[in-house]
Amino acid sequence: MNLAVRRFLLFFFSIATLASCEDPTEIGIDLQDENQIGTDFTDTITINTGTVLLTDSILSFKLPPTQAGKLADPVFGTLKATTFTEVSLGGAALTFGENPVADSLVLTLDYSRIFGDKNKPVSFKVYRLTENFDEKSSYFTNSSLARGTTPLGSVTLVPKILEKKKSFEDSTAAEKLIKIRFDKSLANELVAQSGGTPLATQENFEKFLKGLAIVPDGDPASILALNLIADSTKLVLHYKNGTEKKKHIFRFAQSSAVSYFTKFEADRTGTAIAELDQNTEFLPASQTGGESYIQNNTQLLTKLTFPYLQKFKEANQNVIINRAELIIPVKAASSSFLPTPPQLVLYQTNNTNRILRGVTGSPLAVQQNRVGVLESTAFPAPLMYDPSRNRYTLDITNYFQAMLLDKKPNDGLLLAPATVTANQNGSAQISQEVRPYRAIISNTPSNKVKLVVYYSKLN
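The shown structure was predicted, so the numbers you read here are calculated from the model rather than taken from an experiment.

A.B. asks: Whenever I open this one, the overall build of the protein chain confuses me. Can you help?
C.D. replies: Across its full length, the protein chain carries seven helices and 26 strands. Going through the 459 residues of the protein chain one by one, you find that 51% of them count as buried. Long-range contacts, defined as pairs at least 24 residues apart, comprise 80% of the intrachain contacts of the protein chain with a sequence gap of at least 6.

Quick look at the structure:
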């Protein structure tokens, strides 16, 4: 058996060994005798990082949870979230009886998460929309709708979550609900429409009450994830017929006919990334202390480049990549203020710093390390956050081999927050992660981004 054949067979044995290992240090133990199986190792391929700002629209339409609040992030600056929502009529041809008299109108909001300082009070004002949702339009994190200038009501409270909750949908998630008593004028308007055209159908009702804007007010404190589908989230009209007290409940996202979205606004004044204000602008980590940044809903992404990959190719021609694992460390203790995204994805990019897309318009993400999916967009590979090691990892063996063979360009990759959901047929799909997570990626000499590569030379 000649040397080439022997190495070819040993390569497959090494693949079987590698498949059973998750930790690169374990792989090193299995492959210590390089002379025996012809396997080499490197983790010194230079990877440069930096932060990219994209101002492209991020879909927010009907993506729960909606959010409202304002927080002052010590690294990313101030983030503000505003909820825009329609209101469900809660019936048809509503009538409040003979000679109804309005008593009050109270908005109650449940919430399932507090992002930011949990001990500071939050303040909100609610406004009546003066612009309808357009059923033919989608709404994004930078979208807005016109609203009145006088608030319907306001509130200040210290939010509190139950220590134990069953799920995100649990309507008892908030121990202290947000309750906002509206000015009585809207209650009077609603009662005056009893049995009339505005309360006949949902479509008519939306012409009368176009919706609400829940706007943060006061000093930055926290952003709340609102639970619009909870039973305890409601707009309650209290009224009387004579001496009899009655009420009608208007709902929100429990009805599929109700539209909603969250708008996010970022102010980075005074931060290390304050100069990022133009679309596709890039700030190298060398100018920010070896750090780069990722923030949900504002399109702050981290870019990875491999500037000296050609030198590796020239020094190691005719190689088979046994395994290439990308290790991306998160700055220590940086998740104490806001959580780190549970998942990231890697998108292809180029010198324009945009996310590249295929002929169908789907984003070109690095695919799972499996046979026959390199050119697909149906098998995106998630980078899972490992809190015990404070890092993300991803096996990019096929993609790295393709770059060496010039089947994939070496133009850089964009790290972006996302949720990758597996389908029953084994494929997967990417959806937007809307919670205000963020990550600080470390690429310093003592804690750098690495590509751990095991490879075999064929001749």
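Don't stop here, the text continues.
A.B. asks: Just to check I follow, could you spell out helix α4 (residues 184-192) for this structure?
C.D. replies: Every buried residue of α4 is accounted for by L186, A187, L190 and V191. Along the long axis of α4, the arc covered by the buried residues comes to 135 degrees, so they all point the same way.

A.B. asks: Before we go on, may I ask you to explain the sheet that holds strand β5 (residues 100-109) in this structure?
C.D. replies: Ordered in space as β9-β5-β12-β13, the four strands form an open sheet in which the pairing is antiparallel. Each having just a single partner strand, β9 (178-181) and β13 (244-250) make up the two edges of the open sheet. Put simply, the sheet's adjacent strands are angled 25 degrees from each other on average, direction ignored. Sheet topology places β5 next to β9; four bridges connect them, and they run antiparallel. Considered in β9, the bridge of L109 is made with I178. Strand contacts of α4: β5, β12 (234-241) and β13, with the helix running at about 120 degrees to β5, the strand carrying the most contacts.

A.B. asks: I tried to follow helix α7 (residues 397-404) on my own but got confused; where do I start?
C.D. replies: Residues spaced three or four apart along an α-helix point in a common direction, a consequence of the helix completing one turn every 3.6 residues. Where burial is concerned, most of α7 is hidden: seven out of the eight residues are buried. Of all the positions in α7, only T397, Y399, F400, Q401, A402, M403 and L404 are classed as buried. Looking at the packing, one finds that the buried side of α7 touches α6 (309-315), β18 (319-329), β19 (343-348), β21 (391-395), β22 (413-417) and β26 (450-457). Residue D406 follows α7 closely and has a positive phi angle near 60 degrees.

A.B. asks: So what exactly am I meant to see when it comes to the environment of Y347 here?
C.D. replies: If you trace the backbone, Y347 turns up in strand β19. Exposure remark for Y347: the relative accessible area of 8% places this residue in the buried category. Along the primary structure Y347 and P363 are separated by 16 residues, whereas in three dimensions their C-alpha atoms are 7.0 Å apart. Excluding its chain neighbours within four sequence positions, the residues that come into contact with Y347 are I355, P363, L364, A365, G412, L413, L414, A416 and I430.

A.B. asks: Honestly, the layout of surface pockets in this entry has me stumped. Any pointers?
C.D. replies: Gaps between atoms show up when a probe of the same size as a water molecule is rolled over them. Quantified by volume, the largest pocket comes out at close to 500 Å³. Lining the largest pocket are 21 residues, and of these S57, Q299, Y347, R357 and Q432 sit closest to its centre. Looking at the lining of the largest pocket, its residues break down into twelve nonpolar, seven polar and two charged.

A.B. asks: Sorry if this is basic, but what is going on with the side chain of S442 here?
C.D. replies: Position of S442 among the secondary structure elements: in strand β25 (residues 438-442). Engagement of the side chain of S442 in a polar contact is seen with the backbone oxygen of N447, the distance being 2.8 Å. When residues no more than four places from it in sequence are discounted, the contact partners of S442 are G290, P329, V330, K331, N447, K448 and V449.

A.B. asks: For this particular structure, what's the right way to read the pairing of β21?
C.D. replies: In the case of a regular strand, side chains alternate between the two sheet surfaces. Sheet topology note: the β18/β21 ladder contains five bridges and is antiparallel. Residue pairing across strands places E325 opposite D395, the latter belonging to β21. Note that strand β20 (residues 383-386) and β21 share three bridges and pair antiparallel. Pairing of D386 across the sheet is with R391, part of β21. The hairpin turn running from β20 into β21, its antiparallel successor, is four residues long, and N390 in that turn takes a positive phi close to 55 degrees.

Reading guide: rules and limits
- Residues numbered from 1 in each chain as written.
- Predicted model: local features only at pLDDT ≥ 70, side-chain atom pairs only at ≥ 80, totals over all residues.
- Heavy atoms only, no water.
- Helix = DSSP H or I, 4+ residues; strand = E, 2+ residues; numbered from the N terminus.
- Buried < 20%, exposed > 50% of the residue type's maximum accessible area, 1.4 Å probe, protein only.
- Contact = heavy atoms within 4.5 Å.
- Arc of directions from axis to C-beta.
- Pairing = 2+ DSSP bridges.
- Axes fitted to C-alpha atoms, helices over the stretch in contact; angles between N-to-C directions.
- 1 Å grid on protein atoms, 1.4 Å probe; cavity = no way out; pocket = protein on both sides within 12 Å on 5 of 7 lines; lining within 4 Å.
- Points joined across faces, edges and corners; volume = space filled by probe spheres on them.
- Nonpolar A, V, L, I, M, F, W, Y, C, P; charged D, E, K, R; others polar.
- Polar contact = N/O pair within 3.5 Å; in protein donor to acceptor, adjacent residues only side chain to side chain.

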